[in-house]
Amino acid sequence: MTRSFALLMACFAMSAPAANANEFELSFYTGFQTAPHANVTGNDPGNGVDEDVDFTPAWEGRPFDMPPYYGIRGTWWRNSTFGVGLEFNHAKVYADEDDAADNGFSRLEFTDGLNIVTVNAFRRWPEQFGDWTPYVGGGVGLAIPHVDVESDGGKTFEYQLTGAAVMWAAGASYPLSEKWDGFVEYKGTYSQNTAELDNGGELEVDFVTNAINLGLTFNF
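Heads up: these notes are all about the structure in this document. (Residues numbered from 1 in each chain as written. Predicted model: local features only at pLDDT ≥ 70, side-chain atom pairs only at ≥ 80, totals over all residues. Heavy atoms only, no water.)

1. Some remarks on the nonpolar core
And step 1. If you look at the biggest cluster of nonpolar residues, it comprises 33 residues, and the most contacted ones within it are V40, W59, F105, L108, F110, L203 and F207.
And step 2. Those elements giving two or more residues to this core turn out to be β3 (52-55), β6 (82-95), β7 (105-124), β8 (133-143), β9 (146-151), β11 (163-175), β12 (180-196) and β13 (202-219).
And step 3. Looking at this core element by element, the count peaks at six residues for β7.
And step 4. Non-local contacts of F207, meaning those with residues more than four positions away in its chain, are made with A38, W59, V93, F110, L114, T189, Y190, S191 and N193. (Core = buried A, V, L, I, M, F, W, Y, C linked by side-chain atoms within 4.5 Å. Buried < 20%, exposed > 50% of the residue type's maximum accessible area, 1.4 Å probe, protein only. Helix = DSSP H or I, 4+ residues; strand = E, 2+ residues; numbered from the N terminus. Contact = heavy atoms within 4.5 Å.)

Given below as structure tokens:
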């Protein structure tokens, strides 16, 4: 999935008209990502505790577990202040093991990962604070997580298209060279996830993630 997105970004970069030397940017980032409590509802046939699922576990991000939290973002700056583009964000969410076990699940996670693909719009203020350029942005798209769920009712272990997603971000970039910038930002996502279980059941959970990102941008 990441290779396909990178290829899409490369094609997007090559097809963008060349109004100026820094019109298209390709950004890569990682960071520290968390997820607050989120309610899980649905049904899990064969679950040894209760086939009707309705509980609120604690969720962890564990951004440095393999594969780590990361993102790839392509932005086409239509002018000096406004840009549009695409983004792939690989987040991770693990249900607390005790909370999951108390409700009949030996595994309940979206860890390879909670993948979010969005179409974005950004507004920036070039060199507003010396060499620093602050920016804000948002996007809408889809959640394509890897569903990893296991209980007495069976195991589900696959990628699924589970629902809509949005993202929001605010940060600042700093020029490192003619072609490279560094940046730091806050990034959040919200995704609606309806996961189909292989045993015929279904789980619904809406996730919010929060992250502090550090990244590099290459200017075409």
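2. Examining the packing of aromatic side chains
The relation between two aromatic rings is expressed through the spacing of the ring centres and the mutual angle of the planes.
And step 1. Here the structure, examined in full by the defined rule, presents 13 aromatic pairs.
And step 2. Considering the side-chain rings of W59 and F207, the 4.7 Å spacing of their centres and the 90 degrees angle between planes classify their relative orientation as edge-to-face. Residue W59 is found in strand β4 (residues 59-60), and its partner F207 is found in strand β13; the two are separated by 148 residues along the sequence. In this pair, the class of W59 matches that of F207, namely buried.
And step 3. Geometrically, the ring pair formed by Y70 and F88 is tilted, given 6.0 Å between the ring centres and 45 degrees between the ring planes. Of this pair, Y70 sits in strand β5 (residues 70-77) while F88 sits in strand β6, placing them 18 residues apart in sequence.
And step 4. The positively charged end of R78 is found above the aromatic ring belonging to W76, 4.2 Å away from the centroid.
And step 5. Here the basic side chain of R124 rests over the ring of W77, its NZ or CZ set 3.8 Å away from the ring centre. (Phe/Tyr/Trp six-rings, centres within 6.5 Å; stacked < 30°, edge-to-face > 60°. Lys NZ or Arg CZ within 6 Å of the ring centre and 35° of its normal.)

3. A closer look at unusual backbone geometry
And step 1. The step from M66 to P67 runs through a cis peptide bond, and the omega angle for that step is -10 degrees.
And step 2. Relative to the assigned elements, P67 resides in the loop between β4 and β5.
And step 3. Along the chain, D112 connects to G113 via a cis peptide bond; the corresponding omega equals 0 degrees.
And step 4. As for its position among the elements, G113 is in strand β7.
And step 5. Positive phi, normally seen in glycine, also occurs at R62, with a value near 45 degrees.
And step 6. Tracing the sequence through the fold places R62 in the loop between β4 and β5.
And step 7. Note on R62: relative accessible area 26%, which makes it partly exposed.
And step 8. Unlike most non-glycine residues, E127 shows phi in positive territory, near 50 degrees.
And step 9. Topologically, E127 is positioned in the loop between β7 and β8.
And step 10. Classification of E127 as exposed rests on a relative accessible area of 55%.

Keep in mind these values describe shape, not function.
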